[in-house]
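Results of the structural survey
Chain by chain, the residues run as shown.
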Amino acid sequence: MGYFNNQTGYPTDILSTRAIIKRGNYALIPPNGLVRNVIPGFENCDVTILSTPKLGATFVDYLVTLHDCGRNTKGFGGEELETFVYVIDGAITASADATDYPLTAGGYLYCPAGVTLRLENANGGQSSRLFLYKRRYQRIKGYEAHVVSNNVANLEKIHYEGMSEVILQDLLPKDLGFDMNMHILSFAPGASHGYIETHVQEHGAYILSGAGVYNLDNEWMPVKQGDYIFMGAYVQQAGYAVGQETFSYIYSKDCNRDVEP
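Remember, predicted model here, so these are calculated numbers, not experimental data.

1. Quick word on the nonpolar core
Ranked by internal contacts, the top residues of the largest apolar core, which has 33 residues, are F84, Y86, F131, L171 and I250. Of all the secondary-structure elements, those providing two or more residues to this core are β2 (26-29), β4 (59-77), β5 (81-89), β8 (107-111), β10 (128-136), β14 (180-187), β15 (203-209) and β18 (228-231). Of the domains in this structure, domain 1 (34-151) and domain 2 (154-254) are the two that each give at least three residues to this core. Not counting residues up to four positions away in its chain, the partners in contact with L171 are F84, Y86, Y108, V148, V152, L155, N181, M182, H183, I184 and I250. Listed in part, the 22 residues of the second largest apolar core include C45, V60, V64 and L103.

2. Quick look at the sheet that holds strand β19 (residues 237-242)
The three strands are arranged β17-β16-β19 in an open sheet whose pairing can be described as antiparallel. Edge positions in the sheet fall to β17 (219-224) and β19, since each of these pairs with one other strand and no more. Sheet twist, expressed as the average angle between the axes of neighbouring strands with direction ignored, equals 25°. One ladder, built from six bridges, connects strand β16 (residues 211-216) with β17; its direction is antiparallel. Note that in β17 the partner of Y214 across the bridge is M221.

3. Notes on the packing of aromatic side chains
For any pair of aromatic rings, the description consists of the separation of the ring centres together with the inter-plane angle of the planes. This model, assessed by the stated rule, comprises 13 aromatic pairs. These aromatic residues form a ring-pair network of at least three members: F187, Y214, F247, Y249 and Y251.

4. Description of the UniProt feature "domain: Cupin type-2" (unreviewed entry) in the protein chain
The UniProt record marks residues 185-247 with the feature "domain: Cupin type-2" (unreviewed entry), using the residue numbering of this structure. Counted over residues 185-247, helix gives 0% and strand 52%. Its end C-alpha atoms are 8 Å apart.

5. Here we look at the pairing of strand β20 (residues 247-254)
Where a strand is regular, its side chains alternate between the two sheet faces. Among the eight residues of β20, seven are classified as buried, and the element is accordingly described as predominantly covered. Pairing analysis gives eight bridges linking β14 to β20, with the strands arranged antiparallel. From the neighbouring strand, N181 faces β20, where its bridge partner is K253.

Reading the values: rules and limits
- Residue numbers run consecutively from 1 along every chain, following the written order of its sequence.
- Where local features are concerned, this predicted model is filtered to residues with pLDDT of at least 70; where side-chain atom pairs are given and counted, the filter is 80 or more; whole-chain, interface and lining totals use all residues.
- In computing side-chain values, all of the structure's heavy atoms are included and hydrogens and water are not.
- Only buried Ala, Val, Leu, Ile, Met, Phe, Trp, Tyr and Cys residues count toward a nonpolar core, and they belong to the same one when joined by side-chain atoms within 4.5 Å.
- Think of it in three bands: with a 1.4 Å probe and only protein chains considered, a residue is buried below 20% of the maximum accessible area for its type, exposed above 50%, and partly exposed in between.
- Counting from the N terminus, the helices are the DSSP runs of H or I reaching at least four residues and the strands are the DSSP runs of E reaching at least two.
- Note that the domain bounds were set by an automatic or database domain assignment.
- Any pair of residues with heavy atoms lying within 4.5 Å of one another is described as a contacting pair.
- One requirement defines pairing of two strands: DSSP has to find at least two bridges between them.
- To get an axis, a line is fitted to the C-alpha atoms, and for a helix only the part in contact is used. The angle between two axes follows their N-to-C directions and goes from 0 to 180 degrees.
- Classification of ring pairs uses Phe, Tyr and Trp, with its six-membered ring standing for Trp, and accepts pairs whose centres are within 6.5 Å; under 30 degrees between planes counts as stacked, over 60 as edge-to-face, and the remaining range as tilted.
- UniProt positions are given in the numbering used here, feature names are shortened, and annotations may be inferred rather than shown by experiment.

Structural data, given as structure tokens:
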């Protein structure tokens, strides 16, 4: 398996962790303690699995490092699985079936169910880091999702619920063909949510920059760049930025569907 952050050998201090796991409720997963998972189809890659149904999520999130010649040309997703890849840093060629999309940092590709995602490092011998997602698509009659590729640098910056220091970017269309969306939420230092949220939607969030304090199930905890948060249905959630850097994270949200009784 191996350690994701390459810290091996004897510890220099007592064993401790900031990780908090509340299955079906929420989880805070820092980089320390993550392991590499061997997954068929990924070559010259470090892959770590984050949220899964074993944690209580209806989706699966991954962190993937593509090293020199790193790739997955066997294919990821397809059939009834929708997939999404976001480039944290580096450069890759992502493919939706036979169509290639060159992506650099901030670039992303969504593949609907039935379309296979393929990945190949294109960073001149240097590694590239990715946030990867898959979920079983919920079909409704008369609507279909479609391939989407773009870069967050091209997206509208929306004042989140009227707050000029909290910026929301929608990565996918607000279209009933899509049963989920990806967003980036960015807080200027000192900015926060307007209230503590409680809702049916789940989130998987990877912190891209900065640091903050996050409320999960009415417990406030420090978080920072590189941390991952799973937020289950109805868990109380909110955050605010601390320090001098923008606090920003990418997160998934299930949407546009009723709930089965």
